[in-house]
Amino acid sequence: MQRRSREIPVGVLLLASQMFQIGITNIPPVTLACLALNVWLFLSPLKPFHWVCLSVESCYEKKDWQRLLLSPFHHVDDWHLYFNMASLLWKGLTLERRLGSFWFAYVISVFSILIGVIYLALEYSLAELLDQPEYKMHCTIGFSGVLFALKVLNNNYNPGGHTNIMGLYIPNKYACWMELLMIHLLTPKTSFAGHLAGIIVGLLYVLGPLKRIMKAGAGIFFFDAHLRRQQYSFYDPGYRGQQGDFFDNQPYQEIPRNYYAYTAGFTEEEQLERALRDSLQDRGVLCLGLTSHEGLLLRGRRW
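In this numbering scheme, every chain counts its residues from 1 along its sequence in written order. Local features in this predicted model are restricted to residues of pLDDT 70 or higher, and side-chain atom pairs are both shown and tallied only at a pLDDT of 80 or more, whereas totals for entire chains, interfaces and linings draw on every residue. Only hydrogens and water are set aside when side-chain values are computed; all heavy atoms of the structure are taken into account.

## Side note on helix H7 (residues 144–156)
Applicable threshold: Each helix corresponds to a stretch of at least 4 residues labelled H or I by DSSP, and each strand to a stretch of at least 2 residues labelled E; elements are numbered beginning at the N terminus. Take the number of residues in a helix, subtract one, and multiply by 1.5 Å to get its expected span. Accessibility here uses a 1.4 Å probe with only protein chains present; expressed as a share of the type maximum, an area under 20% marks a residue as buried, one over 50% as exposed, and anything in between as partly exposed.
For H7, spanning 13 residues, the distance from its first C-alpha to its last is 18 Å, which sits close to the expected 18 Å at 1.5 Å a residue. Burial analysis of H7 places 12 of its 13 residues in the buried class, which makes it a mostly covered element. Taken as a whole, H7 has its buried residues at Ser144, Gly145, Val146, Leu147, Phe148, Ala149, Leu150, Lys151, Val152, Leu153, Asn154 and Asn155.

## A short note on the side chain of Glu123
Test applied: We count Lys and Arg on the positive side and Asp and Glu on the negative side, and we leave His and both chain ends out. Any carboxyl oxygen of Asp or Glu that lies within 4 Å of a side-chain nitrogen of Lys or Arg is treated as forming a salt bridge with it. Note on contacts: a residue pair is in contact if any heavy atoms of the two residues lie within 4.5 Å.
Mapped onto the elements, Glu123 comes out in helix H6 (residues 101–129). No salt bridge is formed by the buried Glu123; its nearest oppositely charged neighbour, Lys136, is found at 11 Å. The contacts of Glu123, once residues within four sequence positions are left out, are Val56, Tyr135, His138 and Ala193.

## Some thoughts on a nonpolar patch on the surface
Applied cut-off: Patch building starts from residues that exceed 30% relative accessible area and form no salt bridge, then joins like charges within 9 Å and nonpolar side chains (Val, Leu, Ile, Met, Phe, Trp, Tyr) within 5 Å. To measure how exposed things are, a 1.4 Å probe is used in the Shrake-Rupley method; for residues, cover is taken only from the protein chains shown.
Together, Leu37, Trp40 and Leu46 make up a nonpolar patch on the protein surface, roughly 290 Å² of accessible area in all. Mapped onto the elements of the fold, Trp40 is located in helix H2 (residues 29–43). Take Trp40: its relative accessible area is 46%, and that puts it in the partly exposed class.

## Re the environment of Cys34
If you trace the backbone, Cys34 turns up in helix H2. Spatially, the C-alpha atoms of Cys34 and Ala105 are 8.9 Å apart, while their sequence positions differ by 71 residues. With near-sequence residues (within four places) excluded, Cys34 lies in contact with Phe73, Leu88, Ile108 and Phe143.

Right, here's the structure in full:
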């Protein structure tokens, strides 16, 4: 597959600007690696979009299972990439420090594949129940499903907070559902099943069954028995739990002070809004009160 134009896209430049404002050394390693992978695959895609996007027809019926691995890490254009990666940046800063780098990488890997599987199951079920074969041809691409799942985790760790969605302050436990609804009311052609699959996977994790399976897998393949028995405690004023285990709640690591100075204690959505204003002020683009998905919609993208 040919590289894109030698001119670096604006979305990539804006993402790089945001990363340097935070400080590359302040970005946890797995988050940084995931950002780099997505940017690299955008600048040098392995295949054309119609050969990596995920659909029942292409993946299940034609047995092209590699799309489960490729689809989440490819993006249609630089704005699709930018808004998804900006959202990943803020979520990674919080979640990777809470969960630990190994577990966060494990979560990203499992979520990426499982969301694709559930997406295929949803689309296949709709096609069969409604007798509408076109659902099997719906093709999705991008990291949005994983971001919805990570948002469920992040909101679970901050149960008393609120999320700003288009100027409405929604309790965190309902935020994902409201964001899903708002996105698809505004742009019905976005992948509802893909985003819903992300929420389902996030709920399977925070409610227990998926987390238990992942812990069992990690215990079998990656750790000695004595490590599995170790217990750790952590403190986080936004989360009521007081004791975790090695696989999930790592000792809470304080975020560097210069990161606090940059975020000023804002929520993810407020951080992204501020970063967008700072990055785009010279271009005359205003993205007030928008999440990463809503900012993408504002610019007329349907991915």
